[in-house]
Amino acid sequence: MFQFFIFLALSFSPPTEYTATLSQVRNLYIEANKSEKTCKELISLLEPFDATNNPLYYGYKAGATMIMAKHSVNPISKLSWFNKGKKMLETAIQADNKDVELRCLRFGIQSNIPSFLSYKQHLSLDKKFIIKSYPQVKDEVLRKNIVTFLTKWGQLSSEEKQLLK
C-alpha cells in the first residue's frame, strides 16, 4: 500500500525532462523569436507551469505563445496566439506583480508589437517599475538584460540612465 502512495505522489510531479533552468528558458526565449521549432519546444518545456506553481515560467510560456503569432501565416491564427499569450501574461503578472522579470517580459513585448494590437497600456508603468526595482535585482544576467533592453527600447532620460548604473 505504501508503495502505491509513493507511485501516486511521483506520478503528479513534473518529469525531470521538463525541468529547465532559468538560464535555459531565457536563451530559448531569445531563440524562439527566430525559430518556430524552438518556440514550440519552449512552450512544450514550460507546459507543466502555470501562474500558481511558477508565475515567471508561465510568463515565459505566455511570451512564447505570443511569439507563435509571428510564426503563423493565417491572420486569424496570429491573433489567436497573441490574445492567448496576452491573457496568460496578465495572469502571471497578477499572480506575482512584484517580479521585475515578468514586467520586463511585458515591457519587451509591448515595446515591439504593432500599435493596432492595442496592448501598450503598461509601457510607462512597467518602465518606471523596472527602473525603481533595478537596485534590488541581484541576478547579474537579469541586471545586464535590463540595462541592454531599456537602453535600446526604453527611450531613457538622462536621469533614468543614471539610475541604471
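Note that the coordinates shown come from a computational prediction; the quantities given were computed from them, not determined experimentally. (Residues numbered from 1 in each chain as written. Predicted model: local features only at pLDDT ≥ 70, side-chain atom pairs only at ≥ 80, totals over all residues. Heavy atoms only, no water.)

Chemist: Hey, could you run me through helix α3 (residues 36–45) in this one?
Modeler: For an α-helix, 3.6 residues make a turn, and residues three or four places apart therefore share a direction. Within the span of α3, buried status applies to Thr 38, Cys 39, Leu 42, Ile 43 and Leu 45. Down the axis of α3, the buried set is contained in an arc of 165°. They therefore lie on one face. Of the surrounding secondary structure, the elements contacted by the buried residues of α3 are α2 (22–32), α4 (55–71) and α5 (75–95). Sitting at the head of α3, Ser 35 places a side-chain oxygen 3.3 Å from the backbone nitrogen of Lys 37. (Buried < 20%, exposed > 50% of the residue type's maximum accessible area, 1.4 Å probe, protein only. Helix = DSSP H or I, 4+ residues; strand = E, 2+ residues; numbered from the N terminus. Arc of directions from axis to C-beta. Contact = heavy atoms within 4.5 Å. Polar contact = N/O pair within 3.5 Å; in protein donor to acceptor, adjacent residues only side chain to side chain.)

Chemist: Honestly, the environment of Glu 101 in this entry has me stumped. Any pointers?
Modeler: With respect to the element layout, Glu 101 can be found in helix α6 (residues 100–112). A relative accessible area of 6% places Glu 101 in the buried class. Once you skip the residues sitting within four places of it in the chain, Glu 101 turns out to touch Leu 22, Arg 26, Leu 56, Tyr 60 and Leu 142.

Chemist: Got a minute to help me understand the layout of surface pockets in this structure?
Modeler: If a probe the size of a water molecule is rolled over the atoms, the empty space left behind becomes visible. Counted as a void, the largest pocket has a volume near 1,100 Å³. In terms of lining, the largest pocket is formed by 33 residues, of which the most central are Tyr 29, Ile 67, Gly 108, Ile 109 and Asn 112. The element best represented in the lining of the largest pocket is helix α8 (residues 140–153), accounting for 8 residues. In the lining of the largest pocket, the residues fall into 22 nonpolar, 6 polar and 5 charged. (1 Å grid on protein atoms, 1.4 Å probe; cavity = no way out; pocket = protein on both sides within 12 Å on 5 of 7 lines; lining within 4 Å. Points joined across faces, edges and corners; volume = space filled by probe spheres on them. Nonpolar A, V, L, I, M, F, W, Y, C, P; charged D, E, K, R; others polar.)

Everything listed here is a matter of geometry and, on its own, says nothing about what the molecule does.
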